[in-house]
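Results of the structural survey
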Amino acid sequence: MKQYTDTIKATAKRLLEDGTVDCFIGFRKGTMPMINHPVVITDAAKADTLYWDGNCGNNLALYLTGRKADEKIGIVATGCVSRNINLLIAEGQVTREQLYIVGAPCKGMIERRSVEAAVGHREILSVNEEGEKLIVEGKGFKEELNRADHLQRNCVTCRHHNPVEHNDILGSEVSEPAEAPVFTDLEEAAAKSDEDRWNFFQQTFESCIRCYACRNACPMCYCPTCFVDEAKPQWVGKSSDKVDTMTFHFLRAFHLAGRCTDCGACERVCPVDIPVRYLTNKLNRDAQEFYDYSAGLVAGERPLLDQYKLTDIEDFIK
Amino acid sequence: MTSKRFTKEAWGKAVEGLRESYKVWVPAKEGAHHFFKEYTDDITPDFEATKTRMSPKHTVFPQSERMFEYSLESSDADANIMKDTPKDYSPQAVVGVRPCDAYSFNLVKINFDNKEYRDPWWANRYESTTFIGMGCNEPCSTCFCDSVGSGPFDEKGLDVLVYDMGDAYVAKALNEKGEKALAAMNGGQDAAEADLTAAADMAAKVEAPSKVPTDKLRSQKLNDLYDADFWDELASGCLNCGACTFACPTCWCFDIQDESWNREGEVRKRQGDRIRNWDSCMFPLFTLHASGHNPRGLKVQRVRQRFMHKLKYYVDKYDGGTLCVGCGRCVEACPVNIDIRQVFELMNDFSK
Amino acid sequence: MDGWEPKIVAFLCNWCSYGAADLAGVNRLQYPPNFKVVRVPCSGRVSPKMILAAFRNGADGVWISGCHPGDCHYIEGNYYARRKFALFRTLFKHIGIDERRLHFSWISAAEGPKFAKVANEVVDAVKEVGPAQQLVKTKAQVG
């Protein structure tokens, strides 16, 4: 995927110079291993600083909301990001005409925590992608890992690697795995008793420090006033109390029902490594199972909870 | 001042022994990271850990702290009267704290305990705390403590400084508090002159790997920096998530919230308390006025504020250097890789 | 638990289910007094925040009732509600809350007897589970 860099630079430069876009959203190479820096550039001269590799896991669609209605925006979009773009258009946050989407077929993003664990948490100074290998270097060590063993969890189960909406495409399409994805955490949860599931939920979210990085990294969380900040009535307390923290995560996940594309940004940005997708995964799977719906696949399709069928399931309603 | 030498095993036992006279905080592993935790029976201290994910500021300034309590049940004699929450300010010791973090308490104290105001919760807890610090033999690649007034073996803010000599720890008391703590740590021998010399020699060779320029920060014109053209692009990727402020040892902002709930499960018997929680200038609500006006309603204004505060306003106001101790936690915690080291360069080297 | 009576919050839509409750009362049909009724214009008005708020304030169970699909006073409110509740219910179970605490029904204003019947069912189900302790907001567990 590193080969996309040159095309992104050239495209951004051209689009900014000829006025097709007022700004271009992409990434710069990070100063730390396994992370890149999302950036919105407005100057064609800065196009040379853009970069792409397997660490571009943050969802760039995040930066599309709250912009001026007449702003023309260029953006690099992988499969999940392009789905979020479709959703944001359906939800009236941005129009298709404003956007120039540079599609990026994606082989999956690297999960830095997995690489860190693989080298025993010794300090990593650099990680280089060379084809299907990752060359990991630190103080006094250099190891070679298989890229495919260290993908973000949502990338492992992804079945939409290619952008579903784009003006330009950076490379040939990636083939989708044929077999259905297996969500081990959901399978494990289903096998537990209610009490065990509750304990698991509590323990999993206990270390949450309420920084709201998960909410802020999510392109679908754009409410001007988040429910967390509502005071009359106050739906959830602001301290690190367990019940409040669980309430926050439950309600945030539910607000994403039918809107989550499983881009993994929430899990990626959590500073205390909480598997935030535990809840949204369940909703995504239920949306698929109950309504044969996957967010953002079809441009112009109404969001899941904004539509209904007369035959929707109601076996649980007396 | 007393110095003692402990084998690593003896050190472990000595720290455990400290629990008899202090509430002890130690670095302990949780998941992939280390955090300063209360040394209870189920905790295993890890003094070999490098940087904790979150700073030790919560040992003096907890993330959520109850300040007052009150009953809202009108039939109670003390209904609607705010009562101080009883606090425990008995002596505590933070063991394994790094020099950068210890120095951060000095910087934060200027805010919480000065001639105009003394925050009783922070100040009382700070005064009851002894900092038994561990110098850094191998600072992390993101550390730049040397550039901002601290250093891998800097003594500011510490009561005891400990040198890791490989096979042993050499602990040096720096003041009366340190003496007292060291006296309560059994199992060590008095350190020999040779031990102290070896420790000092070792420390002198250690340097923080990262460097940032700070020489021109004081002389930069505040308004020029404020109106600089680099803020828009720098702030464009920011999520305003607050991870930097929560991980930062010198960030001190908090929000006070009143909460009420049902006492004894009775909906009509309401109880309330006033709790203060860490807040963040990164949150849009931070500066929201009751009128609805928000002077920092735009993301770029908030991002600019944070860096101006740390690297300019504090510098100008107190003339004692920046409000950054070079611990590098924000660099590691930022989910979009906004690197404060780059901001130091942008601000220090800025010219109109 | 002797003498424990569950507290159940019932969100009833104004046009159908609330009317059914009235009709049950007028006809002297017996149903348990464990409900705190919240009248909403439509079952589609019920937000997950409200359901959580009920549990946080100590409700042992929540019951939401609206018009039959096709009969919604606002034409389609209950269709949207149906999807919302289906997803809410499974997520609630996913975090480990007993499904007997959460009930949904379609009851029209003419169905006084159905209202009384379902009311009894809901109370019986919640009684089986016992007092709710999982999401109750009490004194914050902080320092």
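Residues numbered from 1 in each chain as written. Chains lettered and ligands numbered in written order. Predicted model: local features only at pLDDT ≥ 70, side-chain atom pairs only at ≥ 80, totals over all residues. Heavy atoms only, no water.

1. Comments concerning the overall build of chain C
- Check the secondary structure of chain C and you find 4 helices and 4 strands.
- Ordered by position from the N terminus, the helices and strands of chain C form the series β-α-β-α-β-α-β-α.
- A globule of 143 residues ought to have a C-alpha radius of gyration of about 15 Å, and chain C, at 15 Å, matches this closely.
- By principal-axis analysis of the C-alpha atoms, chain C measures approximately 50 × 35 × 20 Å.
- Within chain C, the fraction of its 143 residues that count as buried is 59%. (Helix = DSSP H or I, 4+ residues; strand = E, 2+ residues; numbered from the N terminus. Rg over C-alpha atoms; globule rule 2.2 N^0.38 Å. Buried < 20%, exposed > 50% of the residue type's maximum accessible area, 1.4 Å probe, protein only.)

2. Some words on the interface of chain C and chain A
- Of the residues lining the interface, 43 residues belong to chain C; the matching set on chain A comes to 48 residues.
- Here chain C packs against chain A, burying approximately 4,200 Å² in sum over the two surfaces, 64% of which is carbon and sulfur.
- Across the chain C-chain A interface, the total number found is 7 salt bridges.
- The shortest N-O distance in the salt bridge between A:Glu230 and C:Lys49 comes to 3.8 Å.
- Scanning the region where chain C abuts chain A turns up 23 residue pairs in polar contact (both at pLDDT 80 or more).
- Of all the secondary structure elements, the ones that give two or more residues to the side of chain C that touches chain A are helix H2 (48-56), helix H3 (77-94), strand S4 (102-106) and helix H4 (112-129) of chain C.
- The dominant element in the side of chain C that touches chain A, judged by the number of residues it contributes, is H3(C), at 15 residues.
- For the side of chain C that touches chain A, the class distribution of residues is 23 nonpolar, 7 polar and 13 charged. (Contact = heavy atoms within 4.5 Å. Buried area = accessible area lost by both parts, 1.4 Å probe. Salt bridge = Lys/Arg side-chain N within 4 Å of Asp/Glu carboxyl O. Polar contact = N/O pair within 3.5 Å; in protein donor to acceptor, adjacent residues only side chain to side chain. Nonpolar A, V, L, I, M, F, W, Y, C, P; charged D, E, K, R; others polar.)

3. Section: the domain arrangement of chain B
All names here are of chain B.
- Along its sequence, chain B is carved into domain 1 (3-204) and domain 2 (222-348).
- The distance between the C-alpha centroids of domain 1 and domain 2 comes to 24 Å.
- Contact with domain 1, which involves 43 residues of that partner, is made by 43 residues of domain 2.
- The largest contributions to the domain 1 side of the interface with domain 2 come from Lys57, Tyr70 and Phe144, which together make up 17% of the buried area.
- Asp76 is paired through a salt bridge with Arg263; the nearest N and O atoms lie 2.9 Å apart.
- With 9 residues, the single largest contributor to the side of domain 1 that touches domain 2 is helix H2 (residues 99-112).
- Residues that form the side of domain 1 that touches domain 2 fall into these classes: 22 nonpolar, 11 polar and 10 charged. (Domains from an automatic or database assignment.)

4. A word on the side chain of C:Asp98
- Along the polypeptide, C:Asp98 turns up in the loop between H3 and S4.
- A distance of 2.8 Å separates polar atoms of two side chains, one belonging to C:Asp98 and the other to C:Arg100.
- When sequence neighbours within four positions are dropped, the list of residues in contact with C:Asp98 reads A:Asp194 and C:Val129.

5. Description of the packing of aromatic side chains
- Scanning all chains against the criterion turns up 44 aromatic pairs over all chains.
- Geometrically, the ring pair formed by B:Phe61 and B:Trp278 is tilted, given 6.1 Å between the ring centres and 50° between the ring planes. Placement of the pair is B:Phe61 in the loop between strand S3 (33-38) and strand S4 (64-71) and B:Trp278 in strand S12 (residues 270-278), with a sequence separation of 217 residues. For the pair formed by B:Phe61 and B:Trp278, the shared burial category is buried.
- Sitting over the face of the ring of A:Tyr212, A:Arg215 holds its NZ or CZ atom 4.5 Å from the ring centroid. (Phe/Tyr/Trp six-rings, centres within 6.5 Å; stacked < 30°, edge-to-face > 60°. Lys NZ or Arg CZ within 6 Å of the ring centre and 35° of its normal.)

6. Concerning the pattern of salt bridges
- Considering all chains together, one arrives at 65 salt bridges over all chains under this definition.
- In this structure, A:Asp286 engages A:Lys282 in a salt bridge whose closest nitrogen and oxygen atoms are separated by 3.2 Å. Of this pair, A:Asp286 and A:Lys282 both sit in helix H10 (residues 277-291), separated by 4 residues, roughly a single helical turn.
- The exposure class of A:Lys282 is buried, given its relative accessible area of 15%.
- Notably, a salt bridge pairs B:Lys51 with B:Glu332, separated by 3.2 Å at the nearest N-O pair.

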